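Letter by letter, the chains look like this.
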Amino acid sequence: MSRLTRLPSVAYAVFIYSFLYVPIAILVAYSFNDSKLNAVWKGFTFAWYAKLWTNTSILEAAKISLTVGFFSTVISTMLGTLVAVGMYRYRFRGKGMIDAMLYVPLVMSEIVMGIALLAFFSMIKVPLGMGTLLIAHITFSIPFVVVVINARLKGFDQSIEEASKDLGANEWQTFRLITFPLLGPAIAASAMLAFTISIDDVIVSFFVAGPDSTTLPLQIFSMVRHGVTPEINALSTLMLIVTLTFVVFAQKLQTRKR
Amino acid sequence: MKARKGFRLILVLLILASFIMSGCGSEATTDSSDEKVLNVFNWAEYLPKKVIKDFEQETGIKVNYGTYSSNEEMFAKLNTGQGQYDLAVASLYYVDVLIKEGLVEEIDQGKIPNVKNIGEEFLGKDADPEDKYSVPYLWGEELIVMNTDLVDKKVTSIKDLLDPQFKNSLVILDDPRTVIGSALAVLGYSPNSTNEKEIEEAGKWLKKLKPNIKVFDSDNAKALLASGEVKGGIVYGAEASLAIRENKAIEKIYPKEFLSLWQDNFVIPKGAKHKENALKFIDYILRPEVSKEIVMDYPYANPNTEAVKLLPEDIRKEIDIPEEEAKRGTHMKDVGEATVIYDRIWAELKQ
Amino acid sequence: MLKKENATLATDIPIKPKIKHSKKKINLAAIWTISPVTIWLLLFLFIPLFFILVVSVMSRGTYGGIEYTFTLENYARFFEPLYLRIIVVSIAMAAATTLICVVFGYPFAYIIAQSPAKYRTLLLLLVIVPFWTNSLIRTYAWIVLLRTEGVINTILLKIGLIAEPLTLLYNSGATLIGFVYTLFPFAVLPLYASIEKLDRTFLEASSDLGGRPWQTFLNVTLPLTFPGVVAASLLVFIPTLGLFFISDLMGGAKTMIIGNLIKNQFLTARDWPFGSAASIILMVLTLMMILFYLKVSGGKTDDTELL
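What counts and how
Residues numbered from 1 in each chain as written. Chains lettered and ligands numbered in written order. Predicted model: local features only at pLDDT ≥ 70, side-chain atom pairs only at ≥ 80, totals over all residues. Helix = DSSP H or I, 4+ residues; strand = E, 2+ residues; numbered from the N terminus. Rg over C-alpha atoms; globule rule 2.2 N^0.38 Å. Contact = placed C-beta atoms within 7 Å. Buried ≥ 20, exposed ≤ 12 C-beta atoms within 10 Å, placed from the backbone. Domains from an automatic or database assignment. Nonpolar A, V, L, I, M, F, W, Y, C, P; charged D, E, K, R; others polar. Pairing = 2+ DSSP bridges. Right-handed = clockwise from strand over helix to strand, strands pointing away. Core = buried A, V, L, I, M, F, W, Y, C linked by C-beta atoms within 7 Å. Axes fitted to C-alpha atoms, helices over the stretch in contact; angles between N-to-C directions. Parallel < 35°, antiparallel > 145°, perpendicular 65-115°, else oblique. Left-handed = near helix turned anticlockwise from the far one by under 90°. Expected span 1.5 Å × (residues − 1). Bend = angle between axes of the 7 residues up to and from the residue. pLDDT = per-residue confidence, 0-100.

Enquirer: Help me understand the overall build of chain A in this model?
Expert: Looking only at helices and strands, chain A features 11 helices and zero strands. In chain A, the succession of α and β elements from N to C terminus is α-α-α-α-α-α-α-α-α-α-α. Relative to a compact globule of 258 residues, whose C-alpha radius of gyration would be 18 Å, chain A shows 23 Å and is clearly more extended. Summarising its shape, the C-alpha atoms of chain A cover approximately 75 × 65 × 30 Å along the three principal directions. A separation threshold of at least 6 residues defines the contact pool for chain A, and within that pool the share at least 24 residues apart is 79%.

Shown next as structure tokens:
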């Protein structure tokens, strides 16, 4: 890039990054503001964090989010990995259809999935709650897992698997000793992705959560709806820190692998 | 070696997960009436958290508390997932619908001794003449509010809200039934009209009002008012009182042409799994000192006459609806088949 | 060498199993790996969708509920001016969001792709990080900025640029900001992926042949990165139609997009058949866009690009 074009480029990038970050920065800053209603800076305080800590509905919601996130990640990663490997390895009639099936949730509007599940659970008279929430989260996570694992499988050297079989290992042993370790990083990545989308989901959860399963995003939704309070800022800041730590950690892990 | 370890871990997780799953399943299907859980469905901003906490502490029953912002939302949820909630709160005209649709259980008032604290005039309402299905919670009015710092005009009626000076600066309840009802009343019709032409006319009138509406909001009007985000609007009485606590320039106005009153009752949805706990909860709420505490935080008018006696003077003034106003007030009624028309008119207005 | 031959063989003759084992054994393993997810998705996605499709041609009872009599009225209702307008407004909003995201995202993705390799990952990561925070929190951040007593008005009043607070929140402009802010990273990533893959020699060839920069851009860069542009548009356009909470929170519940319409039919108006019909229409719309994408990208879907 020539010198002449560099300056506008940098300026433009700075502009976009500020669009992305200024709202978040202000959100964080105002979590320390000693005023409930006003945007005027009244002084520094940790009060909103203290208040957050005693807010049982938020803590409860965080617990639910983590629980659902954990189990949906474990189950969807297992199911997704299994099907990705199977689809990669075997050929059979109707494969194209299953392939298409796997992609449908990826491109479908979330609200349609939420509505369909709500109607379905209502029809078969299953009360909404943790169970239905978990089912929904697993359903929308599976395709993401499949995509990530697929990407890895595409660059896969099949000769290693074949060598293993030539040496007398059976399918299961080959999978356990060869395929699985090779897929390790991809499985970790897909699990992380599944966890993130589960933790972050608003729309599908909105329709399928029951009285005992208000997730953190749903809790935030009702808090935002019922008023602007610095407590939400404090909560957001904490969540940001957790996310950032997570990202940095994952990044470190990846670079070390390389 | 390493890989093997990882594999075992996954296997363990799988087994664990299947356990949890089956746990969820059985919890969902068995009728566990002596389980110490209660699923409550109530309006947002209607019951202080502390009251729930105290109840949990006293009884050891865990309360899952869900909220909604309109009767319609409540009804839709009860319709979709039967057996999800053990206790809900509905305005009288929806109590009527719920009974007609067979969506509520009978309530044995013998198990709620504190019903004696409820004033005569709040029982035996048309919606539930024998008090077989519902127990009063709170009641109130819908009135006009104006921030006198931002508005000079003397507003006395709903019609006055059409004034172009209110352009994009009013908050209106996000409630199809009462808002269309008010518009009907402004036009001189019954607020419970089932005549399609009249309802459509009311819709047209509301369309004239729409440029002045900044927000449709039923549960956070107080913050919008207090912060000056809106100049005024039509809100619930308690929301007005709460806004006044924060901002003294706000004024309550009883609209000249029509005053809408409402009363919210507890109901037990059909298929409730923790019915006994629900009865305990109702009885707890009806204790004068508990009911008083609720009104301290959410100053709605209280049918619990014993609780009102305990209230400090200033709060009693806040929740007071002057007698002559209350007398001319009207309760909304179920409109039956016409509900579909109301829904349509509302959708048109929102567009 | 042998390995390569094997691979080509396998792709050339797709019917033949890749790995030589007894047929029975392979089928069993295939069933074990593939059926769990297939059954799961059938049960929890396709049967529910089919149910929605069935409900969409039924009638509504007085208080909601479904009356099992066949009718196409639910679809016909979309041709009434009211609902036609909702669809038009939704599409216009989604199109505006897409346009803004792509127009601002393209040069941005280009700059990142052209930056020194050692910074690239970091720059890209910086785009993704906000997208890792909860979308409601991001929406909330804008409410804090835009409301009458919000940060922007406070600052403008303080420095005396305005005398009265501006009305920034609760209108369609605010909704648009909410959409763009939520979905911007979805546009940047596929754009970046396609720009990064761009073969620089084409660009050099173009300028060697006397092409001006803008000619090169229009005739070479843009066509070559067009699949990326379409992917970005898709990833922004489709979710926009469903983001009901942004129009509720930032638009003051005044304008409906099709997502709000669907939500309201199920959660307030209790008109399941009509809500189902709206969902089906939304799905068809989505499907049409994806078919269009597959057409322009020449049928080659790159998974990573879509992510």
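There is more to say, and it comes next.
Enquirer: Sorry if this is basic, but what is going on with the overall build of chain B here?
Expert: Looking only at helices and strands, one finds 14 helices and 11 strands in chain B. Computed over its C-alpha atoms, the radius of gyration of chain B comes to 23 Å, within 12% of the 20 Å expected for a compact globule of 351 residues. Seen through its C-alpha atoms, chain B measures out along the principal axes to roughly 80 × 55 × 40 Å. Here chain B, with 351 residues, has 50% of them falling under the buried criterion.

Enquirer: What is the right way to look at the domain arrangement of chain B in this model?
Expert: By a widely used convention, the size of an interface equals the accessible area lost when the partners come together. Residue and element names in this part refer to chain B. Here the domain parsing of chain B yields domain 1 (31–139 + 262–323) and domain 2 (140–261 + 330–350). Centre-to-centre, using C-alpha coordinates, domain 1 lies 25 Å away from domain 2. Elements represented by at least two residues in the side of domain 1 that touches domain 2 include exactly α3 (71–80), α4 (92–100), β5 (134–147) and β10 (260–269). Per-element tally for the side of domain 1 that touches domain 2: the top contributor is α4, with four residues. The residue makeup of the side of domain 1 that touches domain 2, split by class, is 12 nonpolar, four polar and four charged.

Enquirer: Which parts of the structure should I look at to understand the interface of chain A and chain C?
Expert: Residue-level contacts link 69 residues of chain A with 70 residues of chain C. Breaking the side of chain A that touches chain C down by element, the ones donating at least two residues are α1 (3–29), α3 (56–89), α4 (95–107), α5 (110–123), α6 (130–154), α8 (171–200), α10 (216–225) and α11 (230–257) of chain A. In terms of residue count, the dominant contributor to the side of chain A that touches chain C is α1 of chain A (11 residues). Tallied by class, the residues present in the side of chain A that touches chain C amount to 52 nonpolar, 11 polar and six charged.

Enquirer: Help me understand the pairing of strand β2 (residues 62–68) of chain B, please; the structure alone is not making it clear to me.
Expert: Walk down a regular strand and you will see the side chains alternate between the two sheet faces. Residues and elements named next belong to chain B. Taken together, the seven bridges between strand β1 (residues 37–43) and β2 define a ladder with parallel strand orientation. Residue pairing across strands places asparagine 42 opposite threonine 67, the latter belonging to β2. Taken together, β1, helix α2 (residues 49–59) and β2 form a β-α-β motif whose crossover is right-handed.

Enquirer: What should I look at first to understand the environment of threonine 45 of chain A in this one?
Expert: Residues and elements named next belong to chain A. Mapped onto the fold, threonine 45 is located in the loop between α1 and α2 (47–54). Separated by 97 residues in sequence, threonine 45 and isoleucine 142 place their C-alpha atoms 43 Å apart. Apart from residues lying up to four places away in sequence, threonine 45 is in contact with Phe32 and Asp34.

Enquirer: Explain the pairing of strand β3 (residues 87–91) of chain B to me, please; I cannot follow it from the model alone.
Expert: All names here are of chain B. Burial runs high along β3: five of the five residues are buried. Where β1 and β3 come together, two bridges link them in parallel fashion. Note on β3: the bridge partner recorded for phenylalanine 41 is alanine 88. Summarising the sheet, β3 and β10 pair through four bridges and their orientation is antiparallel.

Enquirer: Explain the nonpolar core to me, please; I cannot follow it from the model alone.
Expert: Counting 259 residues, the largest nonpolar core has Ile115, Leu117 and Val208 of chain A, Leu87 and Ile180 of chain B together with Ala187 of chain C as the members making the most contacts within it. The dominant element in this core, judged by the number of residues it contributes, is helix α8 (residues 172–196) of chain C, at 15 residues.

Enquirer: What should I look at first to understand the packing of helix α5 (residues 117–132) of chain C against α8 of chain C in this one?
Expert: Packed helices, taken two at a time, are described by the angle between their axes plus the distance between the axes. All names here are of chain C. One can describe the packing of α5 onto α8 by two numbers: an axis separation of 10 Å at closest approach and a directional angle of 150 degrees. When the axis of α5 is compared with that of α8, the two are roughly antiparallel. Pair α5 / α8 crosses with left-handed handedness. Across from Leu124, Val127, Ile128 and Phe131 in α5, the residues of α8 making contact are Pro185, Val188 and Tyr192. Its residues assigned to classes, the contact of α5 with α8 shows seven nonpolar, no polar and no charged.

Enquirer: Is there a simple way to explain α5 of chain C in this structure?
Expert: Residues three or four positions apart in an α-helix share a direction because the helix packs 3.6 residues into each turn. Residue and element names in this part refer to chain C. Look at α5: 23 Å from first C-alpha to last across 16 residues, which is about the 22 Å you get at 1.5 Å a residue. Along its length, α5 reaches its greatest deviation from straightness, about 25 degrees, at leucine 126, and the proline proline 130 lies no more than four positions downstream. All of the buried residues in α5 are Leu124, Val127 and Pro130.

Enquirer: Looking at this structure, I do not really get the confidence of the model for chain B. What am I missing?
Expert: Keep in mind that low pLDDT regions are not for reading the predicted coordinates in detail. All names here are of chain B. Residues of chain B with pLDDT of at least 70 account for 91%, and the chain-wide mean is 88. This model gives residues 1–6 a pLDDT under 50, and the stretch forms four contacts once residues within four places in sequence are excluded. Here residues 18–31 is modelled with pLDDT under 50, and outside its nearest four sequence neighbours on either side it reaches 10 contacts, counting other chains as well. Our summary of model confidence lists the complex with pTM equal to 0.84 and ipTM equal to 0.86.

Enquirer: I'm lost on the environment of glutamine 84 of chain B in this one. Help?
Expert: In this structure, glutamine 84 of chain B sits in the loop between α3 and β3. For glutamine 84 of chain B, a count of 25 C-beta atoms within 10 Å corresponds to the buried category. Considered as a pair, glutamine 84 of chain B and leucine 38 of chain B are 46 residues apart in the sequence and their alpha carbons are 9.9 Å apart. In contact with glutamine 84 of chain B, other than residues within four places in its own chain, are Pro127, Leu128, Gly210 and Pro211 of chain A together with Asn39 of chain B.

Enquirer: Mind showing me how you'd approach unusual backbone geometry here?
Expert: Trans peptide bonds make up the majority, and among non-glycine residues the majority have a negative phi. All names here are of chain B. Positive phi, normally seen in glycine, also occurs at glutamate 45, with a value near 55 degrees. With respect to the helices, strands and loops of the structure, glutamate 45 is situated in the loop between β1 and α2. In this model, asparagine 168 sits at a positive phi of 50 degrees, which is unusual for a non-glycine residue. If you trace the backbone, asparagine 168 turns up in the loop between β5 and β6 (170–172).

Enquirer: In this structure, what is going on with the packing of α10 of chain A against helix α6 (residues 135–146) of chain C? I would like to understand it.
Expert: The contact between α10 of chain A and α6 of chain C brings their axes to 9 Å, and the two run at 20 degrees. As summarised for this structure, α10 of chain A and α6 of chain C are arranged roughly parallel, according to the angle between their axes. Read as a crossing pair, α10 of chain A and α6 of chain C show a hand that is left-handed. Contacts from Pro217, Ile220, Phe221 and Val224 of chain A of α10 of chain A reach α6 of chain C at Leu136, Ile137 and Tyr140 of chain C. Partitioned by chemical class, the residues of the contact of α10 of chain A with α6 of chain C number seven nonpolar, no polar and no charged.

Enquirer: How do you make sense of the confidence of the model for chain A when you look at a structure like this?
Expert: Residues of chain A with pLDDT of at least 70 account for 93%, and the chain-wide mean is 85. At the low end of the mean pLDDT range in chain A sits α11 of chain A, at 77; at the high end sits helix α9 (residues 203–208) of chain A, at 94.

Enquirer: Before we go on, may I ask you to explain the environment of isoleucine 234 of chain B in this structure?
Expert: Residue and element names in this part refer to chain B. Inspection of the secondary structure assignment puts isoleucine 234 in strand β8 (residues 232–236). Residues isoleucine 234 and leucine 143, 91 residues apart in the sequence, show an inter-C-alpha distance of 5.5 Å. Excluding anything up to four places from it in sequence, isoleucine 234 contacts Glu142, Ile144, Ile172 and Leu173.

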